[in-house]
Amino acid sequence: MIVRITLGSDADLSEWSALRTQLWPDSSEVEHHEDLVQLRANAQSFIGFLARDQRSRLVGFAEAALRVDYVNGCESSPVAFLEGLYVVEECRRQGIGRALVDAVEAWARSMGCAELASDAMLDNTVAQAMHAALDFEETERVVYFRRVLPPMPPLS
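Residues numbered from 1 in each chain as written. Predicted model: local features only at pLDDT ≥ 70, side-chain atom pairs only at ≥ 80, totals over all residues. Heavy atoms only, no water.

Chemist: Looking at this model, I keep getting lost on the nonpolar core. Mind explaining?
Modeler: In globular proteins that are soluble, nonpolar side chains generally tend to be buried together. With 31 residues, the main nonpolar core has W16, F49, L82, L85, I96, L100 and W107 as its most contacted residues. Those elements giving two or more residues to this core turn out to be α1 (13–23), β2 (46–52), β3 (58–67), β4 (79–87) and α3 (96–110). Of the residues forming this core, the biggest block, seven residues, is contributed by α3. In contact with L82, other than residues within four places in its own chain, are A62, E63, A64, V101, V104, L116, A117, S118 and F136. Counting five residues, the second largest nonpolar core, distinct from the first, contains V71, C74, V79 and A117. (Core = buried A, V, L, I, M, F, W, Y, C linked by side-chain atoms within 4.5 Å. Buried < 20%, exposed > 50% of the residue type's maximum accessible area, 1.4 Å probe, protein only. Helix = DSSP H or I, 4+ residues; strand = E, 2+ residues; numbered from the N terminus. Contact = heavy atoms within 4.5 Å.)

Chemist: Before we go on, may I ask you to explain the sheet that holds β2 in this structure?
Modeler: The strands making up a sheet associate through hydrogen bonds between their backbones, and the pairing can be parallel or antiparallel. The five strands lie next to each other as β1-β2-β3-β4-β5, forming an open sheet whose pairing is mixed. The open sheet has two edge strands, β1 (4–7) and β5 (116–117), and neither has a second partner. In this sheet, β3 lies alongside β2 in antiparallel orientation, the contact comprising seven bridges. Bridge assignment links L50 to a residue of β3, and that residue is F61. (Pairing = 2+ DSSP bridges.)

Below, the structure written as structure tokens:
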């Protein structure tokens, strides 16, 4: 499949938000739209690439950010972090994800990064396989914990 990779723009926000909802269904399209507006306002540290087919239909996206704090498994800073990668199901396994990640990589290099990082949930074996297919190497596995603290008692 021939696709065109472009930078996401304000004109793309509605379609882009709809596609984000497919990747991250816990948020609404409206919430995704608001997130994109905020992320795009910080253009120095966020980038979004879109993949469109021959009919200009949006079939995928990749979002990345510069992280200057510690990134698990990385040895440099800043690190480009692949925050999200999504290709519509009927268009997968055709090189679109690779083309999107290649665009992110070119951006990362232009920003002075020596590493591109990403993550996937432990139970998301599809995402893990996709990362391996795109030449990412697994660096570590982590289980996060928390402890809810009771409110402080009022001072007497």
